Amino acid sequence: NGPIEQYAFDGDTPIKSIISVQYAANAPKSTIGLAFANGLIVANPYFGGLGVAETTGFDPLEPTDTVPPLSHRIQSSGATGIAASATPGRFYVTDFTGSIVRIDDLGIGKTPTKKIIVTGLGTGLRGLALSEDESHLWVADMLNNQILYVDIENAEVTEFPSNVQIPIDILRHENALFVADSSGVSEYNVDGELVMKNWISLPDARYLTYASEPGN
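To start, this report covers the structure provided alongside it. Keep in mind that this is a model prediction, so the values were computed, not measured. (Residues numbered from 1 in each chain as written. Predicted model: local features only at pLDDT ≥ 70, side-chain atom pairs only at ≥ 80, totals over all residues. Heavy atoms only, no water.)

### Regarding the overall build of the protein
Thinking step 1. When you go through the protein residue by residue, the secondary structure sums to one helix and 18 strands.
Thinking step 2. Taken across its 216 residues, the protein has 46% of its residues classed as buried.
Thinking step 3. Carbon and sulfur atoms make up 51% of the accessible area of the protein, which totals about 10,600 Å². (Helix = DSSP H or I, 4+ residues; strand = E, 2+ residues; numbered from the N terminus. Buried < 20%, exposed > 50% of the residue type's maximum accessible area, 1.4 Å probe, protein only. Areas by Shrake-Rupley, 256 points an atom, 1.4 Å probe, with all protein chains shown as cover.)

### Description of the pattern of salt bridges
Pairing of side chains with opposite charge becomes possible as their charged atoms draw close.
Thinking step 1. Within the structure shown, the criterion is met by three salt bridges.
Thinking step 2. Among the ionic pairs, Asp104 bridges to Arg90, the shortest N-O distance being 2.6 Å. With Asp104 in strand E9 (residues 100-104) and Arg90 in the loop between strand E7 (79-84) and strand E8 (91-95), this residue pair connects regions lying 14 residues apart in the sequence.
Thinking step 3. Classification of Asp104 by relative accessible area gives buried; the value is 11%.
Thinking step 4. Assessed through its relative accessible area of 21%, Arg90 is described here as partly exposed.
Thinking step 5. Its salt-bridge partner being Lys197, residue Asp181 comes within 3.9 Å of it at the nearest N-O pair. Of this pair, Asp181 sits in strand E16 (residues 176-181) while Lys197 is found in strand E18 (residues 194-201), placing the two residues 16 residues apart along the sequence.
Thinking step 6. Judged by relative accessible area, Asp181 falls into the buried class, the value being 2%.
Thinking step 7. Under the relative-accessibility criterion, Lys197 is labelled partly exposed at 37%.
Thinking step 8. Via salt bridges that share partners, Arg90, Arg102 and Asp104 belong to a single interconnected network. (Salt bridge = Lys/Arg side-chain N within 4 Å of Asp/Glu carboxyl O.)

### Section: the pairing of E8
Thinking step 1. The buried count for E8 comes to five of five residues, which makes it a mostly enclosed element.
Thinking step 2. Burial of the side chains of E8 extends over both faces: Phe91, Val93 and Asp95 are buried on one face and Tyr92 and Thr94 on the other.
Thinking step 3. Pairing geometry for E7 and E8, over five bridges, is antiparallel. Opposite Ile82, over in E8, you have Val93 as the bridge partner.
Thinking step 4. Between E7 and E8, which pair antiparallel in sequence order, lie six residues; one of them, Gly89, sits at a positive phi of approximately 80°.
Thinking step 5. Across four bridges, E8 lies against E9 in antiparallel orientation. Its bridge partner being in E9, Tyr92 is matched across the sheet by Arg102.
Thinking step 6. Here E8 folds back onto E9 in antiparallel fashion, the turn holding four residues, of which Gly98 has a positive phi close to 85°. (Pairing = 2+ DSSP bridges.)

### Thoughts on the packing of aromatic side chains
Thinking step 1. Applying the stated criterion across every chain yields a total of five aromatic pairs.
Thinking step 2. Taking 5.7 Å as the distance between ring centres and 40° as the angle between the ring planes, the aromatic pair formed by Trp138 and Tyr149 counts as tilted. Of the two residues, Trp138 is situated in strand E12 (residues 136-141) and Tyr149 in strand E13 (residues 146-151); the sequence distance between them amounts to 11 residues.
Thinking step 3. Residue classification places Trp138 among the buried residues on the basis of a relative accessible area of 3%.
Thinking step 4. Aromatic rings pair up to connect Trp138, Tyr149, Phe160 and Tyr188 into one cluster. (Phe/Tyr/Trp six-rings, centres within 6.5 Å; stacked < 30°, edge-to-face > 60°.)

Structure below.
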């Protein structure tokens, strides 16, 4: 319910507090997802109807601007998760209405647009991950204790084989999927085979990302 904190890789001390004037003045606020591509992209379901925003002036290597403005906003009915595409300005977002939305041209000097990929999936959608060829999404459905596998082009939704309880987020790294749920972080391969249950034993694990340093 406050600023986003940037930490050095040693994890000891926050080196930058990221919060805009608009964001600071709004309540309640709850940052649910972050992505970094052409700027810092924030998913927030409560900020004045805002679904996604880009904060400008954020340089992770030289953090000097502590109150960057929100330069672009797009409403997405209460964003609950976000995944960045390799295409500049493109992001996939889940929301409280049970929709998965594609946002284009966010943060690249154009007017952002959105397209609904699929809707009607219930209020439990949270984090999501994009396949390497960007044809599919894996989506955490915390209320139905399942991972959904979404064909983006055809808007087809099937259940990804997994045994999860209250899944919150999914991270894909090459051919591995890491799923955070109520018991920890488990590893699957992209075909749905369990590689290691509770690879990290961490009750009520939440959102995942990985550092640029090897092995993290």
